[in-house]
Amino acid sequence: MHSMAPPGRSSAKPGPGNPRSLLGLGTLGLLICLGSSGLAVPAVQPEADARKTEAELQAVKAEIERVTRQVSEEQVERDKVSRELRAAEVSVGKAREGLDGVRRGRAECASKRSSLATQKRAKEADLLRNRGALAGQLRAAYLIGRDEPLKLLLNQQDPARAGRMFVYYSYFGRARAEQIHDIENDVQTISGLDDQLQAQDTKLADLEQQQRADLEQLEQARAKRSEVLASLTAESNSHAQSLERLKDQQGGLEKLLRELRRAIEKFPIDNNDAFAHLRGKLAWPVSGKVLARFGEQRAGGVKWDGVLVATERGAPVRAVYAGRVIYADWLPGLGLLTIVDHGEGYMSLYGHNERLYKAAGERVNAGDTLASAGDSGGSNRPELYFEIRKGGKAVDPRPWFKAAEP
């Protein structure tokens, strides 16, 4: 689904007719008075700023959700094929997400099991070594004989030698006790590791079963998507029908952008007009091969408003610059779409994704992963559709990139 970034603080400029200007002057006068009287000026409470920011975030999220619902009702729900395609592609995305989660779980589980097995082998080596040491102690005690300490005590022929021997006997006794204690600990530790290994084996078996179920679900979702695409192709088999659908999709995107711009006007992002100075400095949002360029013909009377890049399925789609995600949902023609507001009227659009990682209202930085590339929206291969907009108007994105090709 598509996501949007959190609202920024308002950056209205002071002016003679701006109430904030009057408030600022009044505040300045109050500060001067307080300073001249020697009174301390209380610090602004960070809690109040946090509450205000949170309130703005919730407000912009509510506006975005309203626009998203409106778009869904007007452009998706009324079109049976679009509705079915969205449901199928969202199911594919969720199935892939579940499958990826299971695979990560299996990898972590296998890694933990390997670590436990290594610990067990080390403890088994300790046990073997301790048993060998104990055997040596027992052999030494046997050679000395059971009655030798008593004989030394009774004969008293050499008190110094007897004292040394009793020290040796004491040492051997303590050593034997320590070896026995270490052996008992090793046996208990190995038993515990065996239990943990068994638990990991059981977990791996469960995850493998879950992975098979997720794969089956993914295949079913893919089959459903293929069925819907076949229906879509049948409906648009004529040039006129295909052109009409393209125009409807383009009009839907334009309306969405107008509604989003109105929704976020109260919560502008202040990036100090930085985006405008980035021509020739941006990195491509994804690696791949350009299939279509800005201004090239798509169908009669319809041109590309951005660039289309063929890429690998699941390739990370990265934000070209910092901003706030203002849309993250499915849109006819573009599939799973993310739109980022960069401030000062600049937006970037990322379409045909397989999965979206950022939600409405979230702030993002340049290079953050917004989504993974896919073929949603009815594409027949993994690709990314990318646009840059200024004031709602599409501009050629190529001069903005540092490299000529992605």
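For the structure, check the block above.
Here's what I pulled together on the structure shown here.

1. Topic: the overall build of the protein
Tallying secondary structure elements over the protein gives six helices and 13 strands in all. Residue burial in the protein is summarised as follows: out of 406 residues, 40% are buried. Once local pairs closer than 6 in sequence are excluded, the contacts in the protein between residues at least 24 apart make up 75%. Per element, the accessible surface of the protein, about 22,600 Å² overall, is 53% carbon and sulfur.

2. Some points on the pattern of salt bridges
Here the structure, examined in full by the defined rule, presents ten salt bridges. A salt bridge links Arg389 to Glu254, with the shortest nitrogen-to-oxygen separation between them at 3.0 Å. On the criterion of sequence distance, the pair formed by Arg389 in strand S12 (residues 383-390) and Glu254 in helix H6 (residues 239-264) is long-range, its members being 135 residues apart. According to the relative accessible area criterion, Arg389 is buried, its value standing at 1%.

3. Re the environment of Asp186
Examined against the element boundaries, Asp186 turns out to sit in helix H5 (residues 159-235). We classify Asp186 as buried; its relative accessible area is 4%. In the structure, Asp186 is positioned 63 residues away from Lys123 in sequence and 6.1 Å away in space, judged by C-alpha atoms. In contact with Asp186, not counting residues within four places along its chain, are Lys123, Asp126, Leu127 and Asn130.

4. A few points about the pairing of strand S9 (residues 346-356)
Most of S9 is tucked away: eleven of the eleven residues are buried. Sheet topology places strand S8 (residues 335-343) next to S9; six bridges connect them, and they run antiparallel. The residue bridging Thr338 from the neighbouring strand is Tyr350, located in S9. Connecting S8 to the antiparallel partner S9 that follows it, the hairpin turn spans two residues, and Glu344 within it adopts a positive phi of roughly 55°. Here S9 pairs with strand S11 (residues 369-373) via three bridges, running antiparallel. Within the sheet, the bridge partner assigned to Arg355 lies in S11 and is Ser372.

5. Observations concerning the pairing of strand S7 (residues 323-331)
For S7, the tally of buried residues reaches nine of nine residues, placing the bulk of the element in the interior. Relative to strand S10 (residues 363-364), S7 runs antiparallel, the two being bridged by two bridges. When the bridges of S10 are listed, Arg324 appears paired with Arg363. Relative to S8, S7 is paired through seven bridges, and the arrangement is antiparallel. Along S8, the bridge assignment pairs Val325 with Val340. Taking the residues between adjacent antiparallel strands as the criterion, S7 and S8 are bridged by three residues, where Gly333 takes a positive phi near 90°.

6. Looking at the nonpolar core
Proteins that are soluble and globular tend to have nonpolar side chains buried together. In terms of nonpolar packing, the biggest core is built from 34 residues, with Phe275, Leu282, Val320, Tyr350, Leu370, Phe386 and Trp400 touching the most fellow members. Taken together, the elements giving at least two residues each to this core come down to helix H3 (80-144), H5, strand S5 (307-310), S7, S8, S9, S11 and S12. Not counting chain neighbours up to four residues away, the residues in contact with Phe275 comprise Leu282, Val320, Tyr321, His342, Tyr346, Ile388 and Trp400. Counting 21 residues, the second-largest nonpolar core is a separate cluster that includes Leu256, Ile264, Tyr327 and Met347.

What counts, and at which threshold
Note that residues are indexed from 1 along each chain, following the sequence as it is written. At least 70 in pLDDT is required for a residue's local features to be given in this predicted model, at least 80 for side-chain atom pairs to be given and counted, and no such filter applies to totals for whole chains, interfaces and linings, which use all residues. Side-chain numbers come from the whole structure's heavy atoms, not from hydrogens or water. Only DSSP runs of H or I reaching four residues or more are called helices, and only runs of E reaching two or more are called strands; each is numbered from the N terminus. Exposed residues in this analysis have more than 50% of their type's maximum accessible area, buried residues have under 20%, and partly exposed residues fall in between, with area computed by a 1.4 Å probe over protein chains only. Contacts are assigned to residue pairs with any non-hydrogen atoms lying within 4.5 Å of each other. Accessible surface is estimated by sampling points in the Shrake-Rupley manner with a 1.4 Å probe; for residues, cover comes only from the protein chains shown. Any Lys or Arg side-chain nitrogen found within 4 Å of a carboxyl oxygen on Asp or Glu counts as a salt bridge. Any two strands between which DSSP finds at least two bridges are classified as paired. Buried Ala, Val, Leu, Ile, Met, Phe, Trp, Tyr and Cys residues that are joined via side-chain atoms within 4.5 Å together make up what is termed a nonpolar core.

Don't take any of this as a statement about function, it's just geometry.
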